[in-house]
Amino acid sequence: MTQLERENLANLLFPQDLPLVEELKEKYLPRNIKGEVTRFAPSPTGFLHVGSLYTAFIAKTIANQSNGCFYLRIEDTDQQRMVENGIELIEKDLLSFGIMPDEGPLNEGIYGPYIQSHRKEIYHAFVKNLVKEGKAYPCFCQKEELESLRKAQELGKCRIGYYQEYATCRSLTFEEIKEKLEQKIPYVIRYYSKGSFNEKFTIHDEVKGEITMPCNDLDIILLKSDGLPTYHFAHVIDDYLMHTSIVIRGDEWLSSLPIHIQLFDDIFGFSPRYAHLAPLTTNDNGKVRKLSKRYDVHCKVSYYLEKGIPKDALKLYFATLMDPDFETWYMLDENHRLEDYTFSFSKMPIGGSLFDLEKLNSICKIYFAKESVDKLYPLFLEYYEKYDVEFADLMKGEEQKVKEFLSIEKNFLRPRKDIGCYADLKKEAWYIFNELFDRAKEKEHLDFFDDKVIFEYLEKNLWIAKDNDEWMSKLKEFLEKHHYAISMKDYKKNPENYQGSIASFCEMLRVMMTTKKVSPNLYELLTILGKEELLRRYQIYMKENFNEC
Ligand code: GLU
């Protein structure tokens, strides 16, 4: 085709008024910041996957720690896979985890629009230019023709694809194209690849290191028959115009890298850095596989919100997956906070990262142990206001009690075992609310009960002490007077010599006050419940078990 024919073809394919490529480059000037520019570019095809949230978290963290910019770009060019409200769902999930983009559809910036389907004009302008330069052409091959090409290549044991001699529409003349357009035959626009599969290129990936791959020789599709771009093309145009400095994405895109590098080089003579992240995996009965939307309920980010996993605890877990040294650093000092840690791609795993709910749970316990009660209380309340209004109301009536319960055994080096998510508060602390205590049906049973000793202990307020140590020494003194064993070793040797043991006494108190044989620190619980309530619970116990008042 002559230059004139190419220009005519470009005008025939894109008769509408389009901006010039040079104008676009001038409009979206380089950003005036030193830090990294990263982005999260999800397709709104359903719920947000925890792996995507992990990617978004990494992109946000890398931008933040370098005083850069993190933006959200919605990749909605596959209209068939779109779901209704898909964009709102993504934004909502990101906000729920505090991963706020600096720019995006909600808070437009000067590099927008941030929704790809709104950028059609931009893609068309670039494709039109490529057609003029002879680097892109319309392809009228329909499904059936492509299918027979694939079969022929299979039979001939050739590499599958639309390339070189197999790219038949490359050689259509201007007249032939014009005729097909007049006949309204559907077409796509393909890139004319000059690459050779036998040549290789080497690139440095921020996570994977040096990678060598064959160059791309496929004439990939740039614009689909609906006029929207493919991922490959839109990625290159957008990440250039939005000035992304590092493309952070899942390593399922690694195999497409030769296409992207080729397009970047050819269209812009430049390409951003890449960081391809290993996927999150799960252990499925001994078989490690990628977390999957189909099989794993914990794949949906809403799972974590409903379970009451704090957003910051999930981020701490992400951090432990991103860097094997993070957890040790975090545990080293009470004041160490996630925001103060500096992450680097070189420490991120190259293979899959096992996403283990048990490990997440232990990180959550550390989180609850480390954060202040004043910070945690409103977060618990917010959870219950959403998922259990009755309990939220009870909490509001007993704020002090709840805070005291949350303060029990607060030591992040040996975190308490009972609170691993917001939902655990009700499971573990319901009995501190008189209303719930009175409704309790299933109560643990005691084989041994000594009502007189217990009554004296409660009635004389002997449990009141300034701290746990004083409480314990007063308790021992009291029990010795009543011929209870203080040492369990002695008791086990000669139980008949004693009225009971310190353990059996504490168990009586515990069951009576909480209905359970296991509870957090008893001294603190007695203090939280207070004089009146302790005696009231004693009476309830007597009534239920001995029919006495
Ligand atoms: N839209 C692509 C996806 O959802 C994004 C890949 C990328 O970050 O470039 O997988």
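Look a little higher up for the structure.
Residues numbered from 1 in each chain as written. Predicted model: local features only at pLDDT ≥ 70, side-chain atom pairs only at ≥ 80, totals over all residues. Heavy atoms only, no water.

J.: Provide a residue-level description of the site of the ligand, including the pertinent values.
T.: In the vicinity of the ligand, the contacting residues are Arg 39, Ala 41, Pro 42, Ser 43, Glu 75, Tyr 231, Arg 249 and Trp 253. Here a nitrogen atom of the ligand and a backbone polar atom of Ala 41 are 2.8 Å apart. A distance of 3.1 Å separates a nitrogen atom of the ligand from a polar side-chain atom of Ser 43. Isolated, the ligand exposes 300 Å² of accessible area, and the fraction of that covered by the protein chains is 80%. When atoms are counted within 2 Å of each cavity's grid points, the one that captures over half of the ligand is the largest pocket. Taken together, the residues that form the shell around the ligand break down as four nonpolar, one polar and three charged. (Near = heavy atom within 4 Å. Polar contact = N/O pair within 3.5 Å; in protein donor to acceptor, adjacent residues only side chain to side chain. Areas by Shrake-Rupley, 256 points an atom, 1.4 Å probe, with all protein chains shown as cover. 1 Å grid on protein atoms, 1.4 Å probe; cavity = no way out; pocket = protein on both sides within 12 Å on 5 of 7 lines; lining within 4 Å. Sits in = over half its atoms within 2 Å of the grid points. Nonpolar A, V, L, I, M, F, W, Y, C, P; charged D, E, K, R; others polar.)

J.: Before we move on, can you summarise the state of the cysteines with the specific residues and values?
T.: In total, this model carries zero disulfides according to the counting rule given. As a non-bridged cysteine, Cys 158 has Cys 141 as the owner of its nearest cysteine sulfur, 16 Å distant. (Disulfide = S-S within 2.5 Å.)

J.: Talk me through unusual backbone geometry; I want residue IDs and the actual numbers.
T.: Across the chain, the bulk of peptide bonds are trans and the bulk of non-glycine residues have phi less than zero. Across the junction of Gly 112 and Pro 113, the peptide omega takes the value 0°, indicating a cis bond. For Pro 113, the location among the structural elements is in the loop between α4 (86-96) and α5 (120-132). The backbone of Thr 515 shows a phi angle near 75°, a positive value even though the residue is not glycine. (Helix = DSSP H or I, 4+ residues; strand = E, 2+ residues; numbered from the N terminus.)

J.: How would you summarise the sheet that holds strand β11 (residues 287-290) if you had to cite specific residues and measurements?
T.: Taken together, three strands build an open sheet; the order of strands is β11-β10-β12 and the sheet is mixed. Edge positions in the sheet fall to β11 and β12 (353-354), since each has one partner strand and no second. (Pairing = 2+ DSSP bridges.)

J.: For helix α7 (residues 174-182), give the residues involved together with the corresponding values.
T.: The set of residues buried in α7 consists of Phe 174, Ile 177 and Leu 181. Along the axis of α7, the buried positions cluster into a sector of 65°, meaning they face one direction only. Projecting away from the buried face of α7 at angles above 90 degrees are the exposed residues Glu 175 and Glu 182. Contacts from the buried residues of α7 go to α1 (3-13) and β3 (136-139). Immediately downstream of α7, the backbone of Lys 184 shows phi near 60°, a positive value. (Buried < 20%, exposed > 50% of the residue type's maximum accessible area, 1.4 Å probe, protein only. Arc of directions from axis to C-beta. Contact = heavy atoms within 4.5 Å.)

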